[in-house]
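Below, each chain spelled out in residue letters.
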Amino acid sequence: MKKIILTILLSLNISCMNLDFFLSPLYKLSEEKREAKIESLYNSLSEKYYILLEDEIKEKDRLALEERFQKLSDEIEKVKNNTVSMKYLDFMSDKHREFLNKYSREVNLKLQYLKDLK
């Protein structure tokens, strides 16, 4: 009986965790998949950003959102500057570089605004 309860508790705990370590980093994805992932992450964070600005800003929520924007910004910069192993990053098309620059500017703009809200 104890084993069953322990198993249930462990499975509940695991299902509630944020399993980011199972997701591939941006530099391991192809250009198309990378663009789709950046767009979805950015759109998700933007929604949370605008929801945060609607009401009184709670420092805990602002800080959590700032950290997530910072993480996205860092990953985009890694890809832009080829600071990861060349094994993953091949030649980058001009269109993809423009895409990365665009989202880098947008993410950094919102990140700076979140920092200014401190």
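Section: the overall build of the chain
In terms of helices and strands, the chain carries four helices and zero strands. Mapped from its N terminus to its C terminus, the chain presents α and β elements in the order α-α-α-α. Considering the chain as a whole, with its 118 residues, one finds that 26% of them fall into the buried category. Pairs at least 24 residues apart make up 71% of the contacts formed inside the chain by residues separated by at least 6 positions. Total accessible area on the chain is roughly 8700 Å²; 57% of this is exposed by carbon and sulfur atoms.

A look at the nonpolar core
Nonpolar side chains in soluble globular proteins generally cluster together in the buried interior. Grouped together as the largest cluster of nonpolar side chains are 20 residues, with contacts concentrated most on Ile38, Leu65, Phe69, Ile76 and Leu100. Apart from the residues lying within four places of it in its own chain, the contact partners of Leu100 are Ile38, Ile76, Val79, Lys80 and Met92.

Structural notes on the pattern of salt bridges
Summed over the entire model, instances satisfying the criterion amount to three salt bridges. A salt bridge links Glu59 to Arg62, with the nearest nitrogen and oxygen atoms 2.5 Å apart. Of the two residues, Glu59 and Arg62 are both situated in helix α3 (residues 59-80); the distance of three residues between them amounts to about one turn of the helix. The class for Glu59 is partly exposed, based on a relative accessible area of 43%. Its salt-bridge partner being Glu77, residue Lys80 comes within 3.4 Å of it at the nearest N-O pair. Within this pair, Lys80 and its partner Glu77 are both found in helix α3, separated by three residues, close to a single helical turn. Residue classification places Lys80 among the buried residues on the basis of a relative accessible area of 16%. Judged by relative accessible area, which is 24%, Glu77 ranks as partly exposed.

Focus on α3
Over its 22 residues, α3 extends 31 Å from the first C-alpha to the last, a length consistent with the 32 Å expected when each residue adds 1.5 Å. Of the residues making up α3, those classed as buried are Arg62, Leu65, Glu66, Phe69, Leu72, Ser73, Ile76, Val79 and Lys80. Each buried residue of α3 sits inside an arc of 145° when the element is viewed along its axis, so together they form one side. In α3, the exposed positions that point more than 90 degrees away from the buried face belong to Lys60 and Glu67. Two residues or fewer after α3 comes Asn82, characterised by a positive phi angle close to 50°.

Some thoughts on the packing of aromatic side chains
Under the counting rule described, the total for this entry stands at five aromatic pairs. Pairing Tyr49 with Tyr50 gives two aromatic rings, centres 5.1 Å apart and planes at 75°, and the pair type is edge-to-face. Exposure remark for Tyr50: the relative accessible area of 48% places this residue in the partly exposed category. Judged by centre distance (6.2 Å) and plane angle (70°), the rings of Tyr49 and Tyr113 are edge-to-face. In this pair, Tyr49 sits in helix α2 (residues 31-54) while Tyr113 sits in helix α4 (residues 94-116), placing the two residues 64 residues apart along the sequence. Ring pairs connect the aromatic residues Tyr49, Tyr50, Phe69 and Tyr113, which therefore count as one cluster.

Thresholds, definitions, all that
- Residues numbered from 1 in each chain as written.
- Predicted model: local features only at pLDDT ≥ 70, side-chain atom pairs only at ≥ 80, totals over all residues.
- Heavy atoms only, no water.
- Helix = DSSP H or I, 4+ residues; strand = E, 2+ residues; numbered from the N terminus.
- Buried < 20%, exposed > 50% of the residue type's maximum accessible area, 1.4 Å probe, protein only.
- Contact = heavy atoms within 4.5 Å.
- Areas by Shrake-Rupley, 256 points an atom, 1.4 Å probe, with all protein chains shown as cover.
- Core = buried A, V, L, I, M, F, W, Y, C linked by side-chain atoms within 4.5 Å.
- Salt bridge = Lys/Arg side-chain N within 4 Å of Asp/Glu carboxyl O.
- Expected span 1.5 Å × (residues − 1).
- Arc of directions from axis to C-beta.
- Phe/Tyr/Trp six-rings, centres within 6.5 Å; stacked < 30°, edge-to-face > 60°.

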